[in-house]
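Observations on the model geometry
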Amino acid sequence: MENKDDLGKLVSAVTVYLDELRTSGVEGLPFGKSAEQVKSGADGIKGETLDDIRAELGDCCCCSLGETRTNLVFGVGNPHADIVFVGEAPGRDEDLKGEPFVGEAGQILTRMITRMGLTRQDVYICNVLKCRPPNNRNPHADEIEKCSPFMLRQVRAIGPKAIVALGTFASQTLLANREPIGRLRGRFHDYHGVPLMPTFHPSYLLRNRGNNDLLWTVWEDMVQVLNLLKMPVPEVKRQGKG
């Protein structure tokens, strides 16, 4: 009877531990990796690089998106960037080229980064999902579940000082929060110890081109990021936006 009680306590403790790991994006304890290694990298090894993660992804078919994509879109930019920009998922242009934010929305993002006094090579750009959903449909829950751990591992490999979540989906997914982007933006949130600033997606700005108030709102979010990093804030006159 005593042995059964001890076994029950052990099972309960292990269950609680695995639940803690799962909330960090870990789906289990892979053979050959210590608990510390798993905790440090969301099923990755502490000190792993972006190249390590990309090599592990390979020709990923963890979900059905692997069957319909043209290219897996991993991410681009500085592997040790202070700022990481995270979008939702690749679109048609990104799927064809294998690079995030290269279409019209990407051009707006590039202008946003340039206005901050940076270049695309200074920051890191990626998406929560690495493959394009057919016809740009909304991602499914199982697709998010399969891809999110790789997103967390990318962030840990880079070690940024700030994350900018672009749009509703990226913000809600990374923060596990269902609040609308209008309420989430404008203040920092925590993403596994990294300050995260939600803001409007460049495609939303594209659909509302000419809305200077909206552009100015996004700029205000970026100013907060620059201030957090103690980086120079370029002077921008409101009437000169866009």
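One can find the structure itself at the top, above this paragraph.
The rules behind the values
- Residues numbered from 1 in each chain as written.
- Predicted model: local features only at pLDDT ≥ 70, side-chain atom pairs only at ≥ 80, totals over all residues.
- Heavy atoms only, no water.
- Pairing = 2+ DSSP bridges.
- Helix = DSSP H or I, 4+ residues; strand = E, 2+ residues; numbered from the N terminus.
- Contact = heavy atoms within 4.5 Å.
- Axes fitted to C-alpha atoms, helices over the stretch in contact; angles between N-to-C directions.
- Buried < 20%, exposed > 50% of the residue type's maximum accessible area, 1.4 Å probe, protein only.
- Polar contact = N/O pair within 3.5 Å; in protein donor to acceptor, adjacent residues only side chain to side chain.
- Phe/Tyr/Trp six-rings, centres within 6.5 Å; stacked < 30°, edge-to-face > 60°.
- Lys NZ or Arg CZ within 6 Å of the ring centre and 35° of its normal.
- Core = buried A, V, L, I, M, F, W, Y, C linked by side-chain atoms within 4.5 Å.

1. Some points on the sheet that holds strand β6 (residues 194–199)
Taken in spatial order, the six strands make up an open sheet running β1-β3-β2-β4-β6-β5, and their pairing is mixed. In this open sheet, the two edge strands, each paired with only one partner strand, are β1 (76–77) and β5 (189–191). As paired strands, β1 and strand β3 (residues 124–127) are joined by two bridges and run antiparallel to one another. Residue pairing in the sheet places V76 in a bridge with I125 of β3. The strands touched by helix α6 (residues 104–115) are β2 (83–87), β3 and β4 (162–166); relative to β2, the strand with the most contacts, the crossing angle is about 160°. Where helix α7 (residues 141–158) meets the sheet, it contacts β2, β3, β4, β5 and β6, and its direction lies at approximately 170° from that of β3.

2. Digging into the side chain of E143
Locating E143 in the fold gives a position in helix α7. The class of E143 is buried, set by a relative accessible area of 1%. At 2.9 Å, the side chain of E143 and the backbone nitrogen of H140 are in polar contact. Not counting residues up to four positions away in its chain, the partners in contact with E143 are C63, S64, L65, L129 and R137.

3. Thoughts on the environment of K237
Secondary-structure assignment places K237 in the segment after α11 (212–228). Between the C-alpha atom of K237 and that of W216, which follows or precedes it by 21 residues, the distance is 9.7 Å.

4. What to know about the packing of aromatic side chains
Scanning the entire structure with this criterion turns up one aromatic pair. When the ring centre of F74 is taken as reference, the NZ or CZ atom of K130 above it lies at 6.0 Å.

5. A word on the nonpolar core
Generally speaking, a soluble globular protein has its nonpolar side chains buried in company with each other. Core analysis: the largest hydrophobic core is formed by 35 residues, its most contacted members being V86, Y124, I163, L174 and Y191. Those elements giving two or more residues to this core turn out to be α3 (50–57), β2, β3, α7, β4, α8 (167–175) and β6. Per element, the largest residue contribution to this core is eight residues, and it comes from α7. Setting aside residues up to four positions removed in sequence, Y124 forms contacts with L50, F74, G75, V76, G77, N78, A81, I83, V84, F85, Q154 and I158. Listed in part, the 28 residues of the second largest apolar core include F85, L109, I181 and M222.

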